[in-house]
There are 4 protein chains.
Amino acid sequence: MAGNSYGTIFKITTFGESHGKGIGVIIDGCPSGVSIDESVIQHELDRRKPGQSAIVTQRKEADQVVIQSGIFEGKSTGTPISLYIANKDQKSKDYSHIADKFRPSHADFTYAKKYGNRDYRGGGRSSARETAARVAAGAIAKQILNSHGITVEAYVSRVGKLSLAKSYDQLDLSLTESNILRCPDPEMADEMIAYIKDIRKEGDTVGGMVSCVIKGCPVGLGEPVFDKLHAELGKAMLSINAVKGFEYGSGFGCLEMKGSEHNDQFVQDGDKVSTTTNYSGGVQGGISNGMDIYFNVAFKPVATIMRDQQSIDKSGNEATVTGKGRHDPCVVPRAVPIVDAMAALVIVDFLLRQRLYDNVE
Amino acid sequence: MAGNSYGTIFKITTFGESHGKGIGVIIDGCPSGVSIDESVIQHELDRRKPGQSAIVTQRKEADQVVIQSGIFEGKSTGTPISLYIANKDQKSKDYSHIADKFRPSHADFTYAKKYGNRDYRGGGRSSARETAARVAAGAIAKQILNSHGITVEAYVSRVGKLSLAKSYDQLDLSLTESNILRCPDPEMADEMIAYIKDIRKEGDTVGGMVSCVIKGCPVGLGEPVFDKLHAELGKAMLSINAVKGFEYGSGFGCLEMKGSEHNDQFVQDGDKVSTTTNYSGGVQGGISNGMDIYFNVAFKPVATIMRDQQSIDKSGNEATVTGKGRHDPCVVPRAVPIVDAMAALVIVDFLLRQRLYDNVE
Amino acid sequence: MAGNSYGTIFKITTFGESHGKGIGVIIDGCPSGVSIDESVIQHELDRRKPGQSAIVTQRKEADQVVIQSGIFEGKSTGTPISLYIANKDQKSKDYSHIADKFRPSHADFTYAKKYGNRDYRGGGRSSARETAARVAAGAIAKQILNSHGITVEAYVSRVGKLSLAKSYDQLDLSLTESNILRCPDPEMADEMIAYIKDIRKEGDTVGGMVSCVIKGCPVGLGEPVFDKLHAELGKAMLSINAVKGFEYGSGFGCLEMKGSEHNDQFVQDGDKVSTTTNYSGGVQGGISNGMDIYFNVAFKPVATIMRDQQSIDKSGNEATVTGKGRHDPCVVPRAVPIVDAMAALVIVDFLLRQRLYDNVE
Amino acid sequence: MAGNSYGTIFKITTFGESHGKGIGVIIDGCPSGVSIDESVIQHELDRRKPGQSAIVTQRKEADQVVIQSGIFEGKSTGTPISLYIANKDQKSKDYSHIADKFRPSHADFTYAKKYGNRDYRGGGRSSARETAARVAAGAIAKQILNSHGITVEAYVSRVGKLSLAKSYDQLDLSLTESNILRCPDPEMADEMIAYIKDIRKEGDTVGGMVSCVIKGCPVGLGEPVFDKLHAELGKAMLSINAVKGFEYGSGFGCLEMKGSEHNDQFVQDGDKVSTTTNYSGGVQGGISNGMDIYFNVAFKPVATIMRDQQSIDKSGNEATVTGKGRHDPCVVPRAVPIVDAMAALVIVDFLLRQRLYDNVE
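Residues numbered from 1 in each chain as written. Chains lettered and ligands numbered in written order. Predicted model: local features only at pLDDT ≥ 70, side-chain atom pairs only at ≥ 80, totals over all residues. Heavy atoms only, no water.

Undergrad: Describe the overall build of chain A, and please don't skip the residues or the numbers.
TA: Summing up its helical and strand segments, chain A has seven helices and 18 strands in all. Over its C-alpha trace chain A gives a radius of gyration of 21 Å, about what one expects of a compact globule, namely 21 Å for 361 residues. With the C-alpha coordinates aligned to their principal axes, the bounding extent of chain A is approximately 65 × 50 × 35 Å. Every one of the 361 residues in chain A was classed for burial, and the buried ones make up 68%. (Helix = DSSP H or I, 4+ residues; strand = E, 2+ residues; numbered from the N terminus. Rg over C-alpha atoms; globule rule 2.2 N^0.38 Å. Buried < 20%, exposed > 50% of the residue type's maximum accessible area, 1.4 Å probe, protein only.)

Shown next as structure tokens:
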């Protein structure tokens, strides 16, 4: 109800603020008997953590996960799994200068008005730090998916005007982690990295796109009419900080196509049904059809810039917001594991929901 | 759980198939004491109904709504409101030729696999006919919003390559209903209508875009972190048949912008806080900031075309799907009231959720 | 949220008022492929309907069910099932004399205050007529349970001071329907019926108890810690009009027992685990243990009596409520199918929830 | 879905096992701006903690609460409140002797079968230790209720055959905490305490009853038809370990009453509507009517006794369960704060749900 939970069966609830004691997540609904490797959770958190490379924020957070409950002798017990990450490098004083000011395009103003008060330290609950809890939960979701032969792979496909011309199936996604940007085209990655470094020098930020592909998803996932597979993916992606748009399959490109071009022709492919094209993006009528599911997510330029900006304070007086602190010039390198995690959470939830049908194939 | 409900407080559950006895919706959570005008519901249904103009399907359905419960002496009682629309013009025989075949880019295959059986008559539950129930519920939501000074206005902004150059604030939205396309630029509407007529003659279909603006929304709506206002709008839009993409505010356009350009500067505007630009699209940190909320929705070309297509049947044998029946060459004219309805349902739900906070301003 | 839904997976939402157009229920989450016999639904409704015997209200309602959606060619499709019962014998004028008065121990006062208005005709939504919708949904639940070898059997065990001395396992429950009271001890039934007739002559009403046993329930149903099997049974029973108490297994009788007496000893019984006694009532730690589940439900004397009573009207003035209309002198004969239905709805929901675990035995 | 959450708006999710790292609770939906006193939370936990007196288990647990999130500068921020209690005095070796055995009338067997594995240390998740998390959350609920003039007062009303003759309104409830049993009749308390000491010496346990009264509840709380106020109270109470029965108002006593005796007559009492009797227990039609809400909860004798018992192990072989460890001879003294807490959680949730109506008085 208050918006801190996601999922229906594999249900996560995140808690915590960027500069409080810590953040965490409760997973309620993880089936029992699932083998859970704590190091996989830590690995995913390390992909998201600040300070990991030259093109992300230089804040240092260890983001060390502690499993508080729900796992016994290496396996899930079917009871709630609690994951906790203590906050370490909180420089709350960094934020004292903006306690009464509304930073442009931040959540300061809306939180203050909605809740009547706000934890101004580092954005409090509105901070992207909250996504670490999602990544931790997503790492468990990914372990379940992998045991079902389902993979989720996100990567950076665009930074500013620099855009990958190739689609996911023309790229070697095993190269995604080969560079600090997480772009599977190393040459383009170099260009993008150089561009981000220039932007940082200007004290500015830039937008970027993360693309994602889900392979191995069985036919039948998704719950029409409202909880269509792509509708939940869309909500999950749009719930990530800084996201402005979502498209799947042909996406906005469908606008210029005719039905005769866009329709995906069914063919029998051994004992599997396949389509000759995949403009549907692996989803028809809100239900997975067994083809690859792929989508794009647009991230706006980070709102915190290293320049002075005009704004107002909570009394309505004009105020200058000074550019200070340690922030990301472009969000996409650290957004990749978050997109991965949210996609995994969506799919694992639908996988469990599908258990409710007798006639699953 | 099974995906037929939307909303948390103002919760709707739709039921019914395109060729069964009828379709309908239960609204549970409408506050008591709301004046409800049945003719407004019927008006919205008439905007969505088939057969209304030369550029939509020529099926005839009266789509007459009956209020079965929840309203007494013209006002809501606080108990469930049941709205029912009997099916009239079901030509089930039209569909006998495709009972065993999977139509390309339709939900035939995925429904058959998910549920193990399907009502093949006119798509059954996967038919866009289901959206009539949403429109009926949305008409009640709109009446509540209007009494709070909130308006929702959708319109056609693109058909194929024909695109409105102007944004919503440069258009006269009172002209939307002045033409059968529901495009507020009458000249462009004429072009688009002519194009759709050509496409129909070819037996083909084309994609299109619906844009929408919500004005008068108070500050504070939206429930971070997962149920962000725009995330719910995105889910709601993506849950509409044929939608492939959603963007709000700057949308995918944010990719080429820098933070220094994209940030919306706060100014005090009398007793109201305003921003000088509105790339945020009226939402910051997932919460409405009082500015206009605007977004775009991409609809793919209708999958049913009047041409023969190759496909397979449920035994995996090759089969020809013959183009027959009465269908829309472009979905957008009838999609406008559906986008309206879903947007209204999202906003009314958040409006009620906001009642749970003490400090609403 | 507004209280008109029950269940998590097999989720029902009831709607309708006693003197509106009709009442009904949507079942969302019935798995696909379930054979559903409409005559079984009608049979259960006939057991609940008014006018069926000399000891119940003499109102006449056919309570004819119509299936509006969700069933195709005799089987559930996995989409929402809508069941509708039109109202026929509404004598709204019977209620005009109490439109402004608050009947003692009725919901008139609380509904008026909660919702700010109320449909005073026959109690509107607070009427026990709403339970017909539950019975219809329960009839589908029972068909699913029966196909799993699970039976639900309720019966009258007490009327006023007349109480069955025998427990469910000492009775022949096949005799429950042999008399109009639905008491499996025909001799006691005669006494109870005679007593109810006397009470009716006095213009008075009397309380009674319904007992219920669920046999064949597999081990493992129930979701600790909050959704314990018996906790959901308790809520379901307490949600029935006029219920004042619920106990299962040893119930309030446990108060006088010691642990050494009350503990149920486990024994291996072939390939099944059994207990030598069953004070646990088939539930341990909130989860079914494979033994019979049994419980008692206390119904208060019907509030509508055929005598004048002192009360107040909505302006706070003293007013006499005159005994008029056609009502039940004791609710239990018609409560039996309602208890059956609610118990079946609870169990079928847990049966489906249990599908979410990998390791069910 | 998995049963670890309670509430719809003020929603709690508990986690943790008796012998894992710790236990805790997330409260999602606490309104912002609520003053929260940490010492009140600790005080309630101290009332529940083991080792507090001669008639409860002699295990020692400090049960020190830590607030991890959601409170800033002494007030709730509207974001999730996380409360954590580290486990200290876990003597896991105490349980090694029963790792493979099923203790009679415990949850060992059902957990093992449901989940396929279990944390056998101290009952794991099925341990009553989980209720500490409820008590912590309830302490916040009580602070909200108190600021609305609503009080919740539970007390021991029966131990074995020793029963308070007086009802709640004939007792001085300020005496409840005057003795270690939490019975407001000091003389009867002495008798009951002596009896419990005798039972302990026998190595046995005994059942008992907790009664509770809620005063100051406004008219209108409760959500018919399924979420009736007393139905949620019933579920909440039945979800507490060891509870076998629930009754409210006249309860099972209604069985012997006639309608003419049981009906509560309305009278105007200044500007308030009152009833001359209160057999309804403050609830009519599932909605509070402004009178005191009172109910009884039956607790079975604790299953762990200090005697050897016959049982089986997980291979189905006969096994002796030896009486060891430190346990309660009667659960009621420590159950009082748990009943308090669950009642407070039910009422605060309905109080917030009522904000959704326009016409609250």
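Undergrad: Tell me what's going on with the relation of the copies chain C and chain B, and back it up with residues and numbers.
TA: Mapping chain C onto chain B leaves a residual RMSD of 0.0 Å; the transformation is a rotation of 180 degrees accompanied by 0.0 Å of translation along its axis. The superposition of one copy onto the other is thereby described by a two-fold rotation axis. (Least-squares fit on C-alpha atoms with pLDDT ≥ 70 in both.)

Undergrad: So, the sheet that holds strand E4 (residues 65–69) of chain A: which residues are in play, and what are the values?
TA: Residue and element names in this part refer to chain A. One open sheet holds the five strands; their spatial order is E1-E2-E3-E7-E4, and the pairing between them is antiparallel. Of all strands in the sheet, those bounded by a partner on one side alone are strand E1 (5–6) and E4. The pairing of E1 with strand E2 (residues 11–16) spans two bridges and is classified as antiparallel. Following the sheet pairing, tyrosine 6 is matched in E2 by isoleucine 12. Against the sheet, helix H3 (residues 131–147) engages E2, strand E3 (22–28) and strand E7 (81–86), with an angle of about 35 degrees to E3. (Pairing = 2+ DSSP bridges. Contact = heavy atoms within 4.5 Å. Axes fitted to C-alpha atoms, helices over the stretch in contact; angles between N-to-C directions.)

Undergrad: Which residues make up the packing of helix H1 (residues 38–48) of chain C against helix H7 (residues 332–353) of chain C, and what values do they have?
TA: All names here are of chain C. Between H1 and H7, the shortest axis-to-axis distance is 7 Å and the interhelical angle comes to 140 degrees. Relative to H7, the element H1 lies oblique. Along its contact with H1, which presents Glu44, Arg47 and Arg48, the element H7 presents Arg334, Val336, Pro337, Ile338 and Asp340. Its residues assigned to classes, the contact of H1 with H7 shows three nonpolar, no polar and five charged. (Parallel < 35°, antiparallel > 145°, perpendicular 65-115°, else oblique. Nonpolar A, V, L, I, M, F, W, Y, C, P; charged D, E, K, R; others polar.)

Undergrad: Go over the relation of the copies chain C and chain D with me, naming the residues and quoting the values.
TA: Once chain C has been moved 0.0 Å along the axis and rotated by 180 degrees, it coincides with chain D to within an RMSD of 0.0 Å. Most of the interface of chain C is mirrored in chain D, where 99% of its interface residues again form contacts.

Undergrad: Tell me about the sheet that holds strand E1 (residues 5–6) of chain B, residues and numbers included.
TA: All names here are of chain B. One open sheet accounts for five strands, arranged E1-E2-E3-E7-E4; its pairing is antiparallel. Every interior strand has two partners, whereas the edge strands, E1 and strand E4 (65–69), have only one. Note that E4 and strand E7 (residues 81–86) share four bridges and pair antiparallel. Opposite valine 65, over in E7, you have isoleucine 85 as the bridge partner. This element, helix H3 (residues 131–147), spans strand E2 (11–16), strand E3 (22–28) and E7 of the sheet and lies at about 35 degrees to E3.

Undergrad: An account of the interface of chain C and chain D is requested, with residue identities and associated values reported.
TA: The partner chain D presents 111 residues to the 112 residues of chain C that form the contact. Contact between chain C and chain D buries roughly 8700 Å² in total, counting both sides, with carbon and sulfur atoms accounting for 60%. Considering only the side of chain C, the residues that lose the most area to chain D are C:Lys114, C:Phe226 and C:Lys244, jointly responsible for 11% of the buried surface there. The tally of links between chain C and chain D comes to 10 salt bridges. Where D:Lys235 meets C:Asp227, a salt bridge forms, and the shortest distance between an N and an O atom there is 2.8 Å. If you look at where chain C meets chain D, you find 53 residue pairs in polar contact (both at pLDDT 80 or more). The class makeup of the residues in the side of chain C that touches chain D is 46 nonpolar, 42 polar and 24 charged. Where strand E11 (residues 243–248) of chain C lies against strand E11 (residues 243–248) of chain D, three bridges are found, and the strand directions are antiparallel. (Buried area = accessible area lost by both parts, 1.4 Å probe. Salt bridge = Lys/Arg side-chain N within 4 Å of Asp/Glu carboxyl O. Polar contact = N/O pair within 3.5 Å; in protein donor to acceptor, adjacent residues only side chain to side chain.)

Undergrad: Please give an account of the interface of chain C and chain B that cites residues and values.
TA: Across the contact, 42 residues belong to chain C and 42 residues belong to chain B. With both chains or domains summed, chain C and chain B bury close to 3000 Å², and 57% of this area falls on carbon and sulfur atoms. Our enumeration of links across chain C and chain B arrives at zero salt bridges. For the pair chain C and chain B, the interface holds 10 residue pairs in polar contact (both at pLDDT 80 or more). Grouping the constituent residues of the side of chain C that touches chain B by class yields 12 nonpolar, 20 polar and 10 charged.

Undergrad: Pulling in residues and values, what's your account of the environment of B:Ser5?
TA: With respect to the secondary-structure elements, B:Ser5 resides in strand E1. What makes B:Ser5 partly exposed here is its relative accessible area of 23%. Apart from residues lying up to four places away in sequence, B:Ser5 is in contact with A:Phe226, A:Asp227, B:Lys11, B:Ile12, B:Thr13 and C:Asp28. Here the side chain of B:Ser5 touches B:Thr13 through a polar contact of 2.8 Å, side chain to side chain.

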